[in-house]
Amino acid sequence: QLDPENTGFIGVETFASLVHSHELPLDPAKLDMLVALAQGNDEGQVCYQELVDLISSKRSSSFKRAIANGQRALPRDVLLDETGLGIYKRFVRYVAYEILPCEMDRRWYFYQHRTCPPPVFMAAVTLTQIIVFLCYGARLNKWVLQTYHPEYMKSPLVYHPGHRARAWRFLTYMFMHVGLEQLGFNALLQLMIGVPLEMVHGILRISFLYLAGVLAGSLTVSITDMRAPLVGGSGGVYALCSAHLANVVMNWAGMRCPYKLLRMVLALVCMSSEVGRAVWLRFSPPLPASGPQPSFMAHLA
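Residues numbered from 1 in each chain as written. Predicted model: local features only at pLDDT ≥ 70, side-chain atom pairs only at ≥ 80, totals over all residues. Heavy atoms only, no water.

- As recorded in an unreviewed UniProt entry, the protein chain goes by the name Rhomboid-related protein 1, listed as coming from Promerops cafer.
- UniProt, in its Function (unreviewed entry) section for the protein chain, records the words "May be involved in regulated intramembrane proteolysis and the subsequent release of functional polypeptides from their membrane anchors."
- For the record of the protein chain, the UniProt heading Subcellular location (unreviewed entry) holds the text "Membrane". (UniProt positions renumbered as here; feature names shortened; annotations may be inferred.)

A short note on the layout of surface pockets
Turning to step 1, where the next piece is worked out: Quantified by volume, the second largest pocket comes out at close to 470 Å³.
Turning to step 2, where the next piece is worked out: If you go around the second largest pocket, you meet 21 residues; those closest to its centre are Leu189, Met192, Ile193, Arg263 and Ala267.
Turning to step 3, where the next piece is worked out: If you list the elements that add at least two residues to the lining of the second largest pocket, you get helix H5 (87-99), helix H9 (180-201), helix H11 (234-250) and helix H12 (260-283).
Turning to step 4, where the next piece is worked out: Here the element with the most residues in the lining of the second largest pocket is H12; it accounts for seven residues.
Turning to step 5, where the next piece is worked out: Per-class residue counts for the lining of the second largest pocket are 17 nonpolar, one polar and three charged. (1 Å grid on protein atoms, 1.4 Å probe; cavity = no way out; pocket = protein on both sides within 12 Å on 5 of 7 lines; lining within 4 Å. Points joined across faces, edges and corners; volume = space filled by probe spheres on them. Helix = DSSP H or I, 4+ residues; strand = E, 2+ residues; numbered from the N terminus. Nonpolar A, V, L, I, M, F, W, Y, C, P; charged D, E, K, R; others polar.)

A few points about the confidence of the model for the protein chain
Turning to step 1, where the next piece is worked out: Confidence in the prediction for the protein chain averages 81 pLDDT; 85% of positions are at 70 or higher.
Turning to step 2, where the next piece is worked out: Counted against residues more than four places away or in other chains, residues 66-76, with its pLDDT under 50, gives 23 contacts. (pLDDT = per-residue confidence, 0-100. Contact = heavy atoms within 4.5 Å.)

Some details on helix H6 (residues 103-112)
Turning to step 1, where the next piece is worked out: In terms of burial, H6 is largely enclosed, as nine of its ten residues are buried.
Turning to step 2, where the next piece is worked out: Turning to H6, its buried residues number three or more, namely Glu103, Met104, Asp105, Arg106, Arg107, Trp108, Tyr109, Phe110 and Tyr111. (Buried < 20%, exposed > 50% of the residue type's maximum accessible area, 1.4 Å probe, protein only.)

Here's the deal with the UniProt feature "transmembrane region" (unreviewed entry) in the protein chain
Turning to step 1, where the next piece is worked out: In this numbering, the UniProt entry assigns the feature "transmembrane region" (unreviewed entry) to residues 120-139, 170-191, 203-223 and 235-254.
Turning to step 2, where the next piece is worked out: End-to-end, the C-alpha atoms of residues 235-254 are 29 Å apart, and along that stretch the chain is 80% helix and 0% strand.

Some points on the pattern of salt bridges
Turning to step 1, where the next piece is worked out: Counted by the stated rule, this structure contains three salt bridges.
Turning to step 2, where the next piece is worked out: For Arg282, the salt bridge goes to Asp225, with nearest N and O atoms at 2.9 Å. On the criterion of sequence distance, the pair formed by Arg282 in helix H12 and Asp225 in the loop between helix H10 (203-224) and H11 is long-range, its members being 57 residues apart. Per residue, the accessibility class of Arg282 equals that of Asp225, and both read buried. (Salt bridge = Lys/Arg side-chain N within 4 Å of Asp/Glu carboxyl O.)

Right, dumping it as structure tokens:
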């Protein structure tokens, strides 16, 4: 009735009167976004497909273009002004400011975020790594530097270029760690950086990014350090860190995460020192070992 010519558009005034008279009101935040989008085009019209995408929390290409134009401003356009939020919603707001560079993107993410599915990938990987470490620690009675135990490197999870025919080892080495220091460092970064990234970008993208880093590590060791075994999830952890740091650098002006320069410097210092420690253990182990120490090439790859 409101679009007799079947153009797919109606005027924003007509749409507003329809919303007020309808018995099922729209989410006010989504209505604000739709009106802001309509005010951004030349005719000031509401598109039916944009309405469908908005209600279903799908981001259409036209809405992305509208955000890029930067000509619209939603009411209360600073998400930090929101008051009376619960603990979880405050955490979601923190994630929005930690990962997203645009205020419109932050508000969109904040209002459309759902707790299901939860960010289970990084949590599951970290829990599995801890369980594997505890199992081998209890079995070998070596908790600090397990790699000095000759039985540790015989695990079917460890990757070694000489065992590349066993294809599962290209990935499963990420569950093994050389000691408490490496496990603690990787687990901390996975939870601090990986969980927010997974909440924003979803399990598929982040799991692909993490596993791509792990696979890059084993492939690089296969051609650069063929005598050394490989253990630890550092390849995936450094992939997450590099992706996050690249996002901060490329969107420096728009990022609102606190102390971003200091945090970036600290992250680079910690990563560099961890790589340096891995190089030192590879070529100058403090104790005699039965074979070469784990390679550090996964960090660089």
